[in-house]
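Below, each chain spelled out in residue letters.
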Amino acid sequence: MRPLVMLLVACGPTTPEGDPAVGWDTLRYGDYIGAGVPKDVWFDLVPPTTSNILDREGDAAGVPSSFNLFTAPNGIDVVGGVTCAGCHVAQLRGEIIIGLGNHRSDYTEVDLSTFEIAGLAVENRYGEDSAEYDAFFPLLRGAEAISDHIVTPFIGVNTAFSMERAAAANRDPQTGAWQDELAFPIPDTILASDVPPWWHLKKKTRLYYTGAGRGNHARLVSQVGLVAIEDAEHYLAIEESMADLLAFAASIEPPVFPADIDSTLADQGAALFTEHCEECHGTYGDDWTYPERIEPLEDIGTDPTYALGFLEGGFTPWLQESFLAQGKGRAIFQPERGYVAPPLDGVWATAPYLHNGSVPDVETLLSSTDRPTAWRRTFNSNDYDLTTMGWQWTPDEAGSGDVEVYDTTITGFGNGGHTYGDVLSDSERAAVMEYLKTL
Ligand code: HEC
Ligand code: HEC
């Protein structure tokens, strides 16, 4: 363990140590969603999948990767989601990469019909007074409460924090119990972002783009459970398994660049990186350093909407006063007016770039005037360009409303700022990019 980390362990609430192997099973089989569709009703409605990308056994093998088959607290076997894997597992160039953010989630239309049909089926088969209905209902209730607040203008940005904000608004901060009267008004501005890769975690002491997540991370990451868990007691009971899951996530290594690297050019790039980038993004190799620097909004100049969304009243005060922030294992949620400079390990694989995913490749990230105002991609994971390190894209028209076009003119999705690559000549930029492939 590094000395700095030991110091932090000594002086504040921290994440309990977890077991990565147990965490892998929690990811695939765990109950951290709280409720779901009773198993038999689920399989009547949704035929088993054959892809089994999470390598699961038994009936769970036939469940889509964004759902888990687990036993609800009242003993009923249910299928519930969206699970961590639904957002933190993705395909790249045809390969499944565990821990890579899902870059094609689609929240342009939130369709609850499967849950509604399932609800009718559960009612018909078991009745509304059954244990089966009890194990299902919180999921429908939560999904209905958040559905109006998570709609995005195009595919490929993720609304996890909008879900959590809307779910929290429906809960008493002290007991975690569901309440129909809102604890705070849910703002219209959507909190939508790209999904960061899990292999950054081994370097981070603070979670999230704004560095807000401190203290006990295990208590923070199960926030998605706020949609359907019973109450605070239920939430805190899964904390230990969340620590295992985090240990698993932090054990993931970034994928190795899958093509030749020109080592002479990469060496030139390394020197330029030291000069222009290292102060914020750190050093790499066995003796890596990571400053975990938070760059104020005014200086970084990237779209401020996301960071500002956590600084308005409502959600952040709710979290800070809630049961999550109490006691010895408390979580600390302290959003900053800025964005954390992320580690760049495996950066070749994590397009699109910036917290909002507004820039399609590293090449244009490092040359800000070449960034497309509106760009189209195919959402086929094979259409990935290893030279530019990003999605193959074609320029498109802003304002068209086409859900397959990333439109940077829409509030929250701007692609400005981070102009540190602009001073580089084309050949210097090529060298820095070659170096980035080695990380
Ligand atoms: C609906 C999609 C979704 C689900 C489900 C989800 N996440 Fe995330 N996760 C995100 C997004 C989006 C972010 C980025 C938010 C931010 O940084 O502000 C994120 C951030 C994180 C981070 C911080 C990463 C970093 O570099 O700071 C961790 C850790 C994490 N998630 C773990 C989990 C775990 C564990 C689960 C399951 C219990 C989970 N997530 C479920 C979408 C999701
Ligand atoms: C002054 C600090 C600073 C400097 C200097 C800097 N960056 Fe950054 N970088 C950041 C911050 C902060 C972000 C996140 C901004 C956001 O998401 O809005 C970022 C994001 C990035 C990303 C996107 C990561 C992702 O996964 O989305 C890449 C790639 C990157 N920087 C590369 C570089 C390179 C290469 C250089 C040197 C030419 C450089 N940066 C110089 C602070 C800096």
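Quick caveat: nothing in here was measured; it's all calculated off a predicted structure.

K.L.:
Mind showing me how you'd approach a negative patch on the surface here?
P.N.:
A cluster of acidic residues, Asp106, Glu109, Asp111, Glu116 and Glu144, forms a negative patch on the protein surface. Relative to the elements of secondary structure, glutamate 109 occurs in the loop between strand S5 (95-98) and helix H5 (113-126). Among the residues examined, glutamate 109 registers a relative accessible area of 69% and is labelled exposed.

K.L.:
Is there a simple way to explain unusual backbone geometry in this structure?
P.N.:
The residue after glycine 81, namely valine 82, is reached through a cis peptide bond having omega 10°. Relative to the elements of secondary structure, valine 82 occurs in the loop between strand S3 (77-81) and helix H4 (84-88). Backbone torsion omega between alanine 351 and proline 352 reads 0°, so that peptide bond is classified as cis. Checked against the element boundaries, proline 352 lands in the loop between strand S9 (338-340) and helix H16 (362-365). The backbone of asparagine 52 sits at a positive phi, close to 40°, despite the residue not being glycine. Structurally, the position occupied by asparagine 52 is in the loop between helix H3 (39-45) and strand S2 (67-71). For phenylalanine 379, which is not glycine, the phi dihedral falls at a positive 65°. Structurally, phenylalanine 379 can be placed in the loop between strand S10 (374-376) and strand S11 (384-385). Taking relative accessible area as the criterion, phenylalanine 379 reaches 13% and is therefore assigned buried.

K.L.:
How do you make sense of the packing of helix H2 (residues 20-29) against helix H10 (residues 239-250) when you look at a structure like this?
P.N.:
In a packed pair of helices, the relevant descriptors are the angle between the two axes and the axis-to-axis distance. In contact at an axis separation of 7 Å, H2 and H10 are set at 105° when each is read in the N-to-C sense. When the interaxial angle is binned, H2 and H10 end up roughly perpendicular. Every residue of H10 that contacts H2 at Pro20, Val22, Gly23, Trp24, Thr26 and Leu27 is listed here: Ser241, Met242, Asp244, Leu245, Ala247 and Phe248. Broken down by class, the residue content of the contact of H2 with H10 amounts to eight nonpolar, three polar and one charged.

K.L.:
Looking at this structure, I do not really get the coordination of the iron atom of ligand 1. What am I missing?
P.N.:
The expected angle between donors at a tetrahedral four-coordinate metal is 109.5 degrees. At an octahedral six-coordinate metal it is 90 or 180 degrees. Counting protein donors around the iron atom of ligand 1 gives one, His88 (NE2), at 2.1 Å. Here histidine 88 is to be found in helix H4.

K.L.:
Please explain helix H6 (residues 131-146) as it appears in this structure.
P.N.:
Because each turn of an α-helix spans 3.6 residues, side chains separated by three or four positions end up pointing in the same direction. Compared with an ideal rise of 1.5 Å per residue, which puts 16 residues at 22 Å, H6 spans 24 Å between its outermost C-alpha atoms and is within 8% of the ideal. At phenylalanine 137, H6 shows its maximal bend, which comes to roughly 30°, and the proline proline 138 appears one to four places after that position. Those residues of H6 lying buried are Glu132, Tyr133, Ala135, Phe136, Pro138, Leu139, Leu140, Arg141, Gly142, Ala143 and Ile146. Tucked into the core, H6 has its buried residues touching strand S1 (37-38), S3, H5 and helix H7 (160-169).

K.L.:
Looking at this structure, I do not really get the environment of leucine 45. What am I missing?
P.N.:
Turning to its location among the elements, leucine 45 is positioned in helix H3. Assessed through its relative accessible area of 38%, leucine 45 is described here as partly exposed. Between the C-alpha atom of leucine 45 and that of alanine 118, which follows or precedes it by 73 residues, the distance is 7.5 Å. With near-sequence residues (within four places) excluded, leucine 45 lies in contact with Ile117 and Ala118.

K.L.:
What should I look at first to understand helix H11 (residues 263-276) in this one?
P.N.:
Over its 14 residues, H11 extends 19 Å from the first C-alpha to the last, a length consistent with the 20 Å expected when each residue adds 1.5 Å. Of the positions making up H11, those classed as buried are Ala266, Gly269, Leu272 and Phe273. One face of H11 carries all of its buried residues, which in axial projection span an arc of 115°. Facing away from the buried surface of H11 by more than 90 degrees, the exposed residues are Thr264, Asp267 and Glu275. Packed against the buried residues of H11 are helix H12 (278-281) and helix H17 (426-436). Capping the start of H11 is the job of one residue whose side-chain oxygen sits 3.2 Å from the backbone nitrogen of threonine 264: aspartate 262.

K.L.:
So what exactly am I meant to see when it comes to the site of ligand 1 here?
P.N.:
Taken together, 26 residues lie near ligand 1, and Cys84, Cys87, His88, Tyr208 and Tyr306 sit nearest. Here a nitrogen atom of ligand 1 sits 2.9 Å away from a polar atom, N or O, in the side chain of histidine 88. The backbone of tyrosine 209 places a nitrogen or oxygen atom 2.9 Å from an oxygen atom of ligand 1. A majority-of-atoms criterion places ligand 1 in the largest cavity. If you list the elements that add at least two residues to the shell around ligand 1, you get H4, H7 and H10. Looking at side-chain class alone, the shell around ligand 1 contains 20 nonpolar, four polar and two charged residues.

Rules behind the numbers
Residues numbered from 1 in each chain as written. Chains lettered and ligands numbered in written order. Predicted model: local features only at pLDDT ≥ 70, side-chain atom pairs only at ≥ 80, totals over all residues. Heavy atoms only, no water. Patch = residues over 30% accessible without salt bridge, like charges linked within 9 Å, V, L, I, M, F, W, Y side chains within 5 Å. Areas by Shrake-Rupley, 256 points an atom, 1.4 Å probe, with all protein chains shown as cover. Salt bridge = Lys/Arg side-chain N within 4 Å of Asp/Glu carboxyl O. Lys, Arg positive; Asp, Glu negative; His and termini not counted. Charge placed at Lys NZ, Arg CZ, Asp CG, Glu CD. Helix = DSSP H or I, 4+ residues; strand = E, 2+ residues; numbered from the N terminus. Buried < 20%, exposed > 50% of the residue type's maximum accessible area, 1.4 Å probe, protein only. Axes fitted to C-alpha atoms, helices over the stretch in contact; angles between N-to-C directions. Parallel < 35°, antiparallel > 145°, perpendicular 65-115°, else oblique. Contact = heavy atoms within 4.5 Å. Nonpolar A, V, L, I, M, F, W, Y, C, P; charged D, E, K, R; others polar. Donors = N, O, S within 2.8 Å, 3.2 Å for Na, K, Ca; no water. Expected span 1.5 Å × (residues − 1). Bend = angle between axes of the 7 residues up to and from the residue. Arc of directions from axis to C-beta. Polar contact = N/O pair within 3.5 Å; in protein donor to acceptor, adjacent residues only side chain to side chain. Near = heavy atom within 4 Å. 1 Å grid on protein atoms, 1.4 Å probe; cavity = no way out; pocket = protein on both sides within 12 Å on 5 of 7 lines; lining within 4 Å. Sits in = over half its atoms within 2 Å of the grid points.

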